[in-house]
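A closer look at the structure
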Amino acid sequence: MKLETKIYQKESNVHIGKLLKESLKDIYNSRFLSKQLAVRDIKAQYRQSYLGIMWAFITPLTTAFVWVFLNLTGTIKLTDTGIPYPVYAFSGTLLWSILKEAIDSPMTSTIAAKGILSKINFPKEALLVSGIYKLLFNSFVKILLLFIFLWVFKVSFHTSLLLFPFAFIGTIVFGTTIGILITPIGMLYNDVKKVINLGLGFLMYATPVVYMVPKNGLMKTIMELNPLTPIIATTRDLIVGQTPIYTTYFIIVLVACIPLLLLGLVFYRVSIPVLVERMSA
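Reference entry: report on the structure contained in this document. Keep in mind it's a predicted model, so treat the numbers as computed, not measured.

**Structural notes on the overall build of the protein chain**
- Within the protein chain one finds 11 helices and 0 strands.
- Ordering the α and β elements of the protein chain from the N terminus gives α-α-α-α-α-α-α-α-α-α-α.
- The buried share among the 281 residues of the protein chain stands at 43%.
- If you take every contact in the protein chain between residues at least 6 apart in sequence, the share linking residues at least 24 apart comes to 75%.
- For the protein chain, the computed accessible surface area is about 16400 Å², with 68% contributed by carbon and sulfur atoms.

**Quick notes on a nonpolar patch on the surface**
- There is a patch of nonpolar side chains on the surface, built from F140, L144, I148, W151, V152 and F153 and spanning about 660 Å² of accessible area.
- Turning to its location among the elements, V152 is positioned in helix α6 (residues 125-152).

**Points about the pattern of salt bridges**
- Counted under the stated rule, the structure contains 8 salt bridges.
- One salt bridge in this structure joins D104 and K100, with 3.3 Å as the shortest N-O distance. Placement of both D104 and K100 in helix α4 (residues 85-112) is noted, with a separation of 4 residues, approximately one turn of the helix.
- Residue classification places D104 among the buried residues on the basis of a relative accessible area of 14%.
- Accessibility expressed as a relative area gives 27% for K100, which makes it partly exposed.
- Each of the salt bridges in this network shares a partner with another, and the network as a whole consists of E22, D26, E125 and R269.

**Some remarks on the packing of α4 against helix α8 (residues 191-203)**
- Between α4 and α8, the least distance of the axes is 12 Å, while the angle of their chain directions is 170°. Comparing the axis directions of α4 and α8 gives the class roughly antiparallel. Mapping the contact onto sequence places W96, K100, I103, D104, M107 and T108 in α4 and V192, K193, I196, N197, L200 and L203 in α8.
- For the contact of α4 with α8, the class distribution of residues is 7 nonpolar, 2 polar and 3 charged.

**Looking at the packing of aromatic side chains**
- For the structure shown, the criterion picks out 5 aromatic pairs.
- Ring geometry for F147 against F157: centres 6.1 Å apart, planes inclined by 75°, an arrangement best described as edge-to-face. In this pair, F147 sits in helix α6 while F157 sits in the loop between α6 and α7 (164-188), placing the two residues 10 residues apart along the sequence.
- Taken together, the aromatic side chains of F90, F149 and F153 make up a single cluster linked through ring pairs.
- A cation over a ring is seen here: R31 above Y28, with NZ or CZ 4.0 Å from the ring centre.
- The residue whose ring lies beneath K124 is F122, and the NZ or CZ to ring-centre distance is 5.5 Å.

Criteria and thresholds
Residues numbered from 1 in each chain as written. Predicted model: local features only at pLDDT ≥ 70, side-chain atom pairs only at ≥ 80, totals over all residues. Heavy atoms only, no water. Helix = DSSP H or I, 4+ residues; strand = E, 2+ residues; numbered from the N terminus. Buried < 20%, exposed > 50% of the residue type's maximum accessible area, 1.4 Å probe, protein only. Contact = heavy atoms within 4.5 Å. Areas by Shrake-Rupley, 256 points an atom, 1.4 Å probe, with all protein chains shown as cover. Patch = residues over 30% accessible without salt bridge, like charges linked within 9 Å, V, L, I, M, F, W, Y side chains within 5 Å. Salt bridge = Lys/Arg side-chain N within 4 Å of Asp/Glu carboxyl O. Axes fitted to C-alpha atoms, helices over the stretch in contact; angles between N-to-C directions. Parallel < 35°, antiparallel > 145°, perpendicular 65-115°, else oblique. Nonpolar A, V, L, I, M, F, W, Y, C, P; charged D, E, K, R; others polar. Phe/Tyr/Trp six-rings, centres within 6.5 Å; stacked < 30°, edge-to-face > 60°. Lys NZ or Arg CZ within 6 Å of the ring centre and 35° of its normal.

Structure below.
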């Protein structure tokens, strides 16, 4: 009798496509929970604050004021921006604060929920969506103030403003993609959040936030290679009615974000339960 030997291989139950589909499904199914979490956090954020919602734009406003003061007093000499410099500086710092909040949001929302992650079984993606809801709320207040700024300094509204929502969404997508990718690592090591904030502090000066890209020199090369440059510059150009000069780079960055965002969702879905189990052990 001839014996046949069969070798059985254990098939992996983890398929990226399946994980992504489940993640997107949970994002949709948990939309009500996400909204409730966001409302709770927004109320808690301003409940014991005397200035309340004003804190949403105090930081970018004070940063812009410092640069406007330095420019007016001649302490620093900046290239002509084509629009009133206070508008340029405030719009730049405001958009930067939105981008920074988008990067911080996934990690902040997830870390803040450490207490319930190990006790209650719910779609973890709800934390990401609730963070985006809070980000949109804060951003709406900031953008409303920016429009008032434009009116005060008599910067006319142009048809390019119709494209601003698309650039704004692109800014949110870019920041959220980075945030989701670094969140699992940030939950393991508290230093990650501090390093990110420190790095963004340096990157701000390599991005046309409060001054334009130089016409020549090493800084010009650095700023033009910086992927944050088309995000900030294009969005601001559409707001103030200037012709965007980094449109192609802006599109390339956003297209590159799509697969990274999907990969980030899979990474988040796989890693968060493991990290929660490790923290509760």
